[in-house]
Every structure is written in structure tokens, then in C-alpha cells.
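Here is how the chains run, residue by residue.
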Amino acid sequence: MSKHSDYIQQETVTGVVPMLKSDRQYSFWDLFLSTSGFAIATWCYTQGAYVAQYLGFKQMLINIFCFNIVWVLIECLPVLFAVRYGIDLWIWLRSVLGGKGVAILSTVISLANFGWYAVAANLFASSMINLAGNFGLALDISIWKPALGTLCVVLGTLIALGGPNVIKWTNRFLVTALLGVGIIIVVLCFTAVPIADILAVQPVLPEGMTPLESFMISAEGNVAFAFSWSTQALVLPRLAKTERSGYWGTSLAYGVVAPFFVAAGGVMALAMFVRTGVYESDPTMMLATLCGSGFALLSLLLVAFANVGTQGTGSYVNCMIVKSGLPKISYRLLVLIAMVYVSVLTIWGGVEEHFGTFISIAAFIQAPIIGMIVVDYLIVRKRKLSLKAAYFMEGHDAYQYTHGFNLVGLACVVVACIVTITCVYNPLTGEIRSGLFLILTGSGFDAIFGGLLYWIASLTPLKKYMLRDRDDLEIV
């Protein structure tokens, strides 16, 4: 009996069994800090430096905060059902994509999501090598970069194996310290370089690019940044004690804290450009150049702790995503497989090399899913789900659809991606193909168009196919 109880508890915390209110262990601050710890790895500085190359200081701040806040507030609406039912996004998506559709897409998207952690691990390794160099210790990059990157992945894996409770206590310390260091760094940048010089920096635009196109390309980077981890964002909220704490804990972490660190990276990049004429994204290098090697020690906290913490939280949420599609696989086994996979990506280094393209592609896959889930939750299914059908209990097969695939939902995802890439914006080449990009961005159009297609389908005779669960008496 004891083993049986332990198994149920294990499959609740690190599995897909609905989380009862009595089992919820995250307050607003716990969720806010854990989600913030997940969001503020060194990739924020890479993103900030990317945006700073296209915009001046004031435009950069407007671009970073406005686009992130608006889209995050919308995409986090499904958090309300995640908390209400104690399930994550991918369990609800069984009603939108079908059971096998979720199994395939959750795996594909997680394989893409893990690219983020390879970026974080490589940035960790580069910063540690630069930090050692500032103190006169020369490390062979060809040996130490893959070794340190892999170490980052392994340390994060140990946190992930500890589960939500370890993640919670790790981030209580980690994020509080990182927020303080982030504020200190922004102040240091403004004192190391005259504010007037930072404000005076004007981007050198590629030939033929207009200021509006430059602004919206930066906006695409920020919208894609928000969407590229959107399907990861709706896993942790199932641990929240109330719907309010779940929604605001998630929204404020992704919509305010993460953009703050992106903006800090942008400020540092602008200050570096004033000082050296080169945009830089490595916080260790920037702090050493702007403030001296002593201050570069702050990057030990920023880079080492932030990236290890992010590895841990990211491994947990993505393995939970895979488990929602393949529930019989052990969580511990998934975490270990993820460790090997991310280590291989880290040693390869290709994701970091094509960072801008990577986040747009990751966003393009996930954006229509987010658009569809918001429309399904608010308009089509009207906040009513058959939990028994979502868990494929005997006699409740509403979400089996066609051999496990909801053909309407999957078609909406594919069509939205194809139309966006061919008619609006190609993330592989950076080519703007429609004026719609200058209004919605590519990722924004992808999300809106996916949701619109799904809503239109619900107004046709396909509605009966999409809402088979309306005949299920177990709707909650």
C-alpha cells in the first residue's frame, strides 16, 4: 500500500495526474520566483544585444517591454484552467490536437525547446572561460567550452531530478540574488559610460532597411522570444494554490522580469558599443570592459547560477511536456535522456550560432498552438473540458478523434505555419513578404491566424467533429 501511495504521489508531482488543491505547494511568490528563474538565463543578454543592434535606447525599451507584456498577458490566459483543473496545457491540448497529436507535437516541440538550454550551457562555458582569462588563467576553448557546457547541463539535471520542491527552494535564493545583481549592473553601465552617449547611439541599418522595418524586426525578436517558450510556461502553474497567483505569477515573470534582463543586456550592449564600437552579449566580457575585472565576478552569479537554475527548471517542464504525450515513460528516464540530448547540442554549438533563426522557428511552431488554445478555451469550448475524456478513461473517447488525431486542429497548425512563412515573414532568411509583418510581426500573425482558422472551423459543420465532448456528461 505504501509503494502504491508513493507511486501515485510521484505520478502527480512528476507526471500527468491532476494536481489536487491539497497537493499544491506553490504560492504566488514561489511560482513567480521559479518561473523567473527559468526565464532569466544568459540568453536574455544575447536577446538584448540582438535588439540593441537595430534600435536606439528609447526605442529599444519600448520594443522590449511593450511587445513582451502584451503578448504574455494574452498567452497566459490558459493558466487559469491549468490551475483550476491541476493540469498543464498539453492535457487540455488533447481536446484540440487529439491524443496522438499531442504525443507527436509535444515531443517535437520539446526537442526544439531543449535548444534553449544548449544556448544557455554554451554561454555559461564562454563566460567562465572569459572570467578565468580576466584573472590570468588561459583555458583552451576547444577543450574547456564543451566540458564546462556539459557541466552546466549535468548540474541542472541534478536540480530537475529533485522535482518541483528543489526547484522552488533553489529559485527562492537564486532569483532574489539575480534581481539585485541585475539592478546593480544597470547602474554600473550608466556610470561607466555617460548616459548621453548611450542615448546618442543610433543603429546602422542594413542597406534598404527602413526604420519601421528595423523596429518591427526587433519586435519579431521579442514576440518570438515570448512565444518560443510559451508552451513551456503553462506547466508550472498547475502547482499554484490559486488561479490568481497562477496567472500573475507566470505573467509577471515572463512579461516583466525576463524583459528587464533583456533590457539590461541591451543597455550593456549599447554601453559596450560606446566604449569599443562593438556590440557584445557576454556579461563577463561586458562587465570586465566597462567596470574592471573585479566586477566581472558578478557574472559568476549571473551566468553560473542563472544558467544552472534554468537548466534544472527547463528540464523539468519540458520532460513534463513529453510525459503528457507519452505518460508511461518514467520522468527520471526522460530527464536523463534530456541531459544527453542537450549535452550533444551544447558540444555541437550550432543552436547558439544561429540564435535569431532558432527562436523564430521555435516560435513559429508554437505560436499557432497558443492562438488555438486561447480561442478554444475562451470561445469554442467555453472553459469546459471532459477530464475523463482527456485521460482516455473507458467509455470516454471524445478526444480520440481520427485514430488519435484531431485533423482540424493539426491542419490549423500546419496551414498557419505555411501561410506565415510563405506570405508574411520567412524566419530562415529574414525576408519580409507582406505589410502585415509591419503591424503584427511574423510570430504574432502566426498566432492570430492559427486561432482565427480554428475559430472559423468551429462555425462550420466541422464543429460537431471538434466538440464531440459536448455529449459527455462528465464535462466540468
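Note that the structure is a prediction, hence the values are computed from the model and not measured.

**Q** Help me get a handle on the overall build of the protein chain, residues and values and all.
**A** Along the protein chain, the regular secondary structure elements total 23 helices and 2 strands. For a compact globule of 476 residues, the expected C-alpha radius of gyration is about 23 Å, and the protein chain comes in at 22 Å, within 12% of that figure. Projecting the C-alpha coordinates of the protein chain onto the three principal axes gives extents of approximately 70 × 55 × 40 Å. Looking at the 476 residues of the protein chain, the share that counts as buried comes to 57%. Summarising the internal contacts of the protein chain: among those between residues at least 6 apart in sequence, 84% fall at separations of at least 24. In the form shown here, the protein chain has an accessible surface area of approximately 18,200 Å², with 69% of it arising from carbon and sulfur atoms. When the 27 basic and 25 acidic side-chain charges of the protein chain are each reduced to a single mean position, those positions are 11 Å apart.

**Q** So what's going on with the nonpolar core? Residues and values would help.
**A** Grouped together as the largest cluster of nonpolar side chains are 151 residues, with contacts concentrated most on W43, M60, W90, L93, L97, Y316 and I373. Apart from residues lying up to four places away in sequence, M60 is in contact with V51, A52, L55, A263, G266, V267 and L270.

**Q** So what's going on with helix α3 (residues 43–52)? Which residues, and what values?
**A** Counting buried residues along α3, 9 of its 10 residues qualify, which places the element largely inside the surrounding structure. Among the residues of α3, those classed as buried are W43, C44, Y45, T46, Q47, G48, A49, V51 and A52.

**Q** Account for a nonpolar patch on the surface, naming residues and giving values.
**A** Together, L378, I379, L452, W455, I456 and L459 line one region of the surface with nonpolar side chains, adding up to about 520 Å² of accessible area. Going through the elements one at a time, α18 (355–380) and α22 (442–457) are the ones with two or more residues in the nonpolar patch. At 3 residues, the largest contribution of residues to the nonpolar patch is made by α22. Structurally, W455 is set in helix α22.

**Q** Outline the pattern of salt bridges, supporting the account with residue identities and numerical values.
**A** The final tally for this structure, using the stated rule, is 5 salt bridges. With its nearest N and O atoms 3.0 Å apart, the salt bridge here joins R84 to E243. In this pair, R84 sits in helix α5 (residues 79–85) while E243 sits in helix α13 (residues 243–276), placing the two residues 159 residues apart along the sequence. When its relative accessible area of 39% is taken as the criterion, R84 is described as partly exposed. D469 is the partner of R381 in a salt bridge, and the nearest nitrogen-oxygen pair spans 2.9 Å. Residue R381 is found in the loop between α18 and α19 (387–390), and its partner D469 is found in the segment after α23 (463–466); the two are separated by 88 residues along the sequence. The exposure classification of R381 matches that of D469, with both residues buried.

**Q** Talk me through the packing of aromatic side chains; I want residue IDs and the actual numbers.
**A** Summed over all chains, the structure comprises 23 aromatic pairs. A ring pair is formed by F67 and F215, whose centres lie 6.1 Å apart and whose planes are at 55°; its orientation type is tilted. With F67 in helix α4 (residues 57–75) and F215 in helix α11 (residues 211–227), this residue pair connects regions lying 148 residues apart in the sequence. In this structure F215 comes out as buried when scored by relative accessible area, which is 18%. Between F273 and Y279, the ring centres sit 4.6 Å apart and the planes meet at 15°, which makes this aromatic pair stacked. Judged by relative accessible area, which is 26%, F273 ranks as partly exposed. Y279 gets classed as partly exposed once you look at its relative accessible area, which sits at 21%. Ring pairs connect the aromatic residues F81, Y85, W92 and Y377, which therefore count as one cluster. A cation over a ring is seen here: R94 above Y391, with NZ or CZ 5.6 Å from the ring centre.

**Q** Requested: an account of the environment of C189, with residues and values cited.
**A** Here C189 is to be found in helix α9 (residues 141–192). The sequence separation of C189 and L270 amounts to 81 residues, and the corresponding C-alpha distance is 9.2 Å. Contacts of C189, omitting those with residues within four sequence positions, involve I198, V267, M268, A271 and L290.

**Q** Mind laying out the confidence of the model for the protein chain, listing which residues take part and the relevant values?
**A** Per-residue confidence for the protein chain gives a mean pLDDT of 86; residues scoring 70 or more make up 93%. Here residues 1–8 is a poorly scored stretch, pLDDT under 50, and it has 0 contacts once near neighbours within four places are set aside; other chains count.

**Q** I'd like to hear about unusual backbone geometry, residue by residue, with values.
**A** At Y401, a position not held by glycine, the phi torsion is positive, near 50°. Mapped onto the fold, Y401 is located in the loop between α19 and α20 (407–424). Here H403, not a glycine, exhibits a phi torsion of approximately 55°, which is positive. Structurally, H403 can be placed in the loop between α19 and α20.

**Q** So, the side chain of S218: which residues are in play, and what are the values?
**A** Relative to the helices and strands, S218 resides in helix α11. Assessed through its relative accessible area of 0%, S218 is described here as buried. In this view, S218 contacts V51, Y54, L55 and N63; residues no more than four positions away in its chain are not counted.

**Q** Kindly report on the environment of G86, identifying the contributing residues and their values.
**A** As for its placement among the helices and strands, G86 is situated in the loop between α5 and α6 (89–92). Measuring from C-alpha to C-alpha, the distance between G86 and S214 comes to 42 Å, with 128 residues separating the pair along the chain. Those residues within four positions of G86 in sequence are excluded, and the remaining contacts are V17, P18, M19, R24, F81 and R238.

Criteria and cut-off values
- Residues numbered from 1 in each chain as written.
- Predicted model: local features only at pLDDT ≥ 70, side-chain atom pairs only at ≥ 80, totals over all residues.
- Heavy atoms only, no water.
- Helix = DSSP H or I, 4+ residues; strand = E, 2+ residues; numbered from the N terminus.
- Rg over C-alpha atoms; globule rule 2.2 N^0.38 Å.
- Buried < 20%, exposed > 50% of the residue type's maximum accessible area, 1.4 Å probe, protein only.
- Contact = heavy atoms within 4.5 Å.
- Areas by Shrake-Rupley, 256 points an atom, 1.4 Å probe, with all protein chains shown as cover.
- Lys, Arg positive; Asp, Glu negative; His and termini not counted.
- Charge placed at Lys NZ, Arg CZ, Asp CG, Glu CD.
- Core = buried A, V, L, I, M, F, W, Y, C linked by side-chain atoms within 4.5 Å.
- Patch = residues over 30% accessible without salt bridge, like charges linked within 9 Å, V, L, I, M, F, W, Y side chains within 5 Å.
- Salt bridge = Lys/Arg side-chain N within 4 Å of Asp/Glu carboxyl O.
- Phe/Tyr/Trp six-rings, centres within 6.5 Å; stacked < 30°, edge-to-face > 60°.
- Lys NZ or Arg CZ within 6 Å of the ring centre and 35° of its normal.
- pLDDT = per-residue confidence, 0-100.

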